[in-house]
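# A structural walkthrough
Residues per chain are reported as follows:
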Amino acid sequence: MAKTVFVLNGPNLNLLGTREPAVYGAQTLADVQTLCAQASQRQGLALRFHQSNHEGQLIDWIHEAGQLHARGELAGLIFNAGAYTHTSVALMDAVKGTGVPLLELHISNVHAREAFRHHSYLSPVARAVVCGLGVAGYSLAIDAVAQW
């Protein structure tokens, strides 16, 4: 049975392709899901791909990933938490509490943007961070998680 890679996307990522294309590019979330499906298949991983604008829903999915992790069935969790990256202790606690291997992902280079985006609550509980590579970062993140 193939291990699963969870790819979670937080608030406003449903607007990819139309929201600030100069920052986030022209590809849609559906395009990102297709990229992830191709990368997962190439790596022999099952894919769970979700997006929500609601913090509680994201926490529930982290808990689901944690259950897979406890059974040895999780390759890793790739998480683009959007603005929650900079505000959510609850998401950090969910990752920490479940022990899931986390790769934090950002489409843009958050360190070249507004100062409030420079701090991440997720980085201290992440094995790795990918940022500034556009949506191509998702397939690179899947390749990395496949090696864990």
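Per an unreviewed UniProt entry, the chain is named 3-dehydroquinate dehydratase, and its organism is Comamonas aquatica DA1877. The record in UniProt for the chain states the following under Function (unreviewed entry): "Catalyzes a trans-dehydration via an enolate intermediate." One UniProt comment on the chain, placed under Catalytic activity (unreviewed entry), says "3-dehydroquinate = 3-dehydroshikimate + H2O".

## Section: the packing of aromatic side chains
Enumeration according to the criterion identifies zero aromatic pairs in this entry. Directly above the aromatic system of Trp 148 lies the positively charged group of Arg 127, at a separation of 5.0 Å from the ring centroid.

## Description of unusual backbone geometry
Although it is not a glycine, Asn 12 sits at a positive phi angle of roughly 75°. Looking at the secondary structure, you find Asn 12 in the loop between β1 (4–9) and α1 (21–24).

## What about the UniProt feature "active site" (unreviewed entry) in the chain?
When the UniProt feature table is mapped to this numbering, "active site" (unreviewed entry) covers Tyr 24 and His 106. Here His 106 is to be found in strand β4 (residues 102–106). Since its relative accessible area comes to 6%, His 106 is described here as buried. Non-local contacts of His 106, meaning those with residues more than four positions away in its chain, are made with Asn 80, Thr 85, Val 129, Val 130, Cys 131, Gly 132 and Leu 133. A polar atom in the side chain of His 106 sits 2.6 Å from the side chain of Glu 104.

## Topic: the pairing of β4
With five of five residues buried, β4 lies mostly within the body of the structure. Here three bridges tie strand β3 (residues 74–80) to β4, and the two strands are oriented parallel to one another. The residue of β4 that forms the bridge with Ile 78 is Leu 103. Traced from β3 through helix α4 (residues 89–98) to β4, the parallel crossover comes out right-handed. Strand direction decides the pairing type here: β4 and strand β5 (residues 128–131), joined by four bridges, are parallel. In the strand pairing of β5, Glu 104 is matched with Val 129.

## Remarks on the environment of Val 129
Here Val 129 shows up in strand β5. Given the relative accessible area of 42%, Val 129 is considered partly exposed. Separated by 25 residues in sequence, Val 129 and Glu 104 place their C-alpha atoms 4.7 Å apart. Excluding anything up to four places from it in sequence, Val 129 contacts Glu 104, His 106 and Ser 123.

What counts, and where the lines are drawn
- Residues numbered from 1 in each chain as written.
- Predicted model: local features only at pLDDT ≥ 70, side-chain atom pairs only at ≥ 80, totals over all residues.
- Heavy atoms only, no water.
- UniProt positions renumbered as here; feature names shortened; annotations may be inferred.
- Phe/Tyr/Trp six-rings, centres within 6.5 Å; stacked < 30°, edge-to-face > 60°.
- Lys NZ or Arg CZ within 6 Å of the ring centre and 35° of its normal.
- Helix = DSSP H or I, 4+ residues; strand = E, 2+ residues; numbered from the N terminus.
- Buried < 20%, exposed > 50% of the residue type's maximum accessible area, 1.4 Å probe, protein only.
- Contact = heavy atoms within 4.5 Å.
- Polar contact = N/O pair within 3.5 Å; in protein donor to acceptor, adjacent residues only side chain to side chain.
- Pairing = 2+ DSSP bridges.
- Right-handed = clockwise from strand over helix to strand, strands pointing away.

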